[in-house]
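This is what each chain is made of:
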Amino acid sequence: MFSLLSLGLGLDENKLEAELGGKDDLLLQLKINYYPRCPQPELALGVEAHTDVSSLSFILHNGVPGLQVFKNGFGWVTAPLVPNSIIVHVGDALEIITNGRYHSVLHRGLVNKENIRISWAVFCEPPREKVVLRPLPELVGEGEVARFEPRTFAEHLERKLFKARVAGSGDKAVCED
Ligand SMILES: O=C(O)CCC(=O)C(=O)O
Ligand SMILES: [Fe+2]
């Protein structure tokens with residue numbers, strides 16, 4: 001996947017993987033999301049709107065719709081259910097090193113009245129301290145600026161967590177099951 005994404009930007013095929021710490025040090029984390037049936041889905045949040053901090057995220061699901069992505073100019077769009085598919089998100093780490101050429105997508109997970117939804121998300125993360133994530137100079141074109149300050153993955157997590165705490169929404173879910 002990283003090779004294809006590197007070639008897609010005209011980079012050496014090993015470039016993105018190497019910049020993200022190399023395959024021996026990447027961390028795969030599994031998270032299982034359980035969305036119960038909800039009598040008033042319009043009042044509830046399943047997984048609130050966010051971007052993933054990872055390099056890439058791979059989402060398997062039980063075939064119940066609920067994942068939405070935010071598209072500028074359109075608003076929230078429900079991801080179509082493609083049988084036997086795996087959904088792949090670009091996460092923050094990849095967005096940073098590509099200077100936004102690959103965009104870390106804002107997304108959320110909704111509950112519904114009829115069906116329980118389950119998703120299995122595998123987050124492919126760079127090592128916390130080993131590499132500094134910064135826009136690759138070859139992807140900052142002439143007249144463009146680097147859109148992200150250099151940071152380790154650990155620093156990125158801390159900044160994001162701190163921002164979320166300050167912004168704290170306080171939303172509550174009202175689900176049963
Ligand atoms: O349930 C989904 O499809 C997405 C879940 C998600 O975005 C996450 O766990 O980060
Ligand atoms: Fe996510």
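Residues numbered from 1 in each chain as written. Chains lettered and ligands numbered in written order. Predicted model: local features only at pLDDT ≥ 70, side-chain atom pairs only at ≥ 80, totals over all residues. Heavy atoms only, no water.

1. What about the coordination of the iron ion (ligand 2)?
To keep things clear, this is the line we draw: Here the term donor refers to an N, O or S atom within 2.8 Å of the metal (or 3.2 Å for Na, K and Ca), and because water is left out of the atoms, sites may appear incomplete. Here a strand is any run of E in DSSP of at least two residues, a helix any run of H or I of at least four, and the numbering for each starts at the N terminus. The buried label applies to any residue whose accessible area, calculated with a 1.4 Å probe on protein chains only, is under 20% of its type's maximum; exposed applies above 50%, and partly exposed to all values in between.
Those donors, His50 (NE2), Asp52 (OD) and His107 (NE2), are the protein atoms that reach the iron ion (ligand 2), and they lie 2.1 to 2.2 Å from it. Of note, the donors binding the iron ion (ligand 2) are all from one chain and are spaced H-x1-D-x54-H. Here Asp52 is found in the loop between strand E2 (47-50) and strand E3 (56-61), whereas its partner His107 is found in strand E7 (residues 107-109), with 55 residues between them in sequence. One exposure class covers both Asp52 and His107, and it is buried.

2. What to know about the site of ligand 1
Rules: Definition of nearness: a residue and a molecule or strand are near each other if at least one heavy atom of the residue lies within 4 Å of the molecule or strand. What qualifies as a polar contact is a pair of N or O atoms within 3.5 Å, subject to a donor-acceptor requirement within protein and to the restriction that residues adjacent in sequence count only when both atoms come from side chains. Throughout, the Shrake-Rupley method with a 1.4 Å probe supplies accessible areas, and for residues the shown protein chains are the sole cover considered. In this analysis the probe radius is 1.4 Å and the grid spacing 1 Å, with only protein atoms considered; a cavity is a set of points the probe fits into but cannot get out of, a pocket is an open set with protein on both sides within 12 Å along at least five of seven lines, and lining residues have an atom within 4 Å of a point. Molecules are considered to sit inside a cavity or pocket once more than half of their atoms lie within 2 Å of its grid points. Residues were grouped as follows: Ala, Val, Leu, Ile, Met, Phe, Trp, Tyr, Cys and Pro as nonpolar; Asp, Glu, Lys and Arg as charged; and all remaining residues, including Gly, as polar.
Neighbouring residues of ligand 1: Lys31, Asn33, Tyr35, His50, Asp52, Ile59, Leu67, His107, Arg117, Ser119 and Phe123. Separating an oxygen atom of ligand 1 from a side-chain N or O atom of Lys31 is a distance of 2.7 Å. Between ligand 1 and Asp52 there is a distance of 3.3 Å, counted from an oxygen atom to a side-chain nitrogen or oxygen. For ligand 1, the accessible surface in isolation is 300 Å², of which the surrounding protein chains cover 99%. The cavity where ligand 1 resides is the largest cavity. Each residue belonging to the shell around ligand 1 can be placed in one class, and the counts come to 4 nonpolar, 4 polar and 3 charged.

3. Points about the sheet that holds E2
Which entries qualify depends on this criterion: Any two strands with at least two DSSP bridges between them are considered paired. Lines are fitted to the C-alpha atoms to define the axes, a helix being fitted only along its stretch in contact, and any angle between axes, read from their N-to-C directions, falls within 0 to 180 degrees.
Pairing is antiparallel in the open sheet, where 4 strands are placed in the order E2-E7-E4-E5. Of all the strands in the sheet, just E2 and strand E5 (75-78) have a single pairing partner and so form its edges. Looking at each pair of strands side by side, their axes are set apart by 20° on average, direction ignored. Relative to E7, strand E4 (residues 67-71) runs antiparallel, the two sharing 3 bridges. By the bridge assignment for E7, Gln68 is matched with Arg108.

4. Brief notes about the pairing of E3
Pairing analysis gives 4 bridges linking E3 to strand E6 (residues 87-90), with the strands arranged antiparallel. Directly across from Phe58, in E6, lies its bridge partner Val88. Note: E3 against strand E8 (residues 117-125), 6 bridges, orientation antiparallel. Note on E8: the bridge partner recorded for Ile59 is Ala121.

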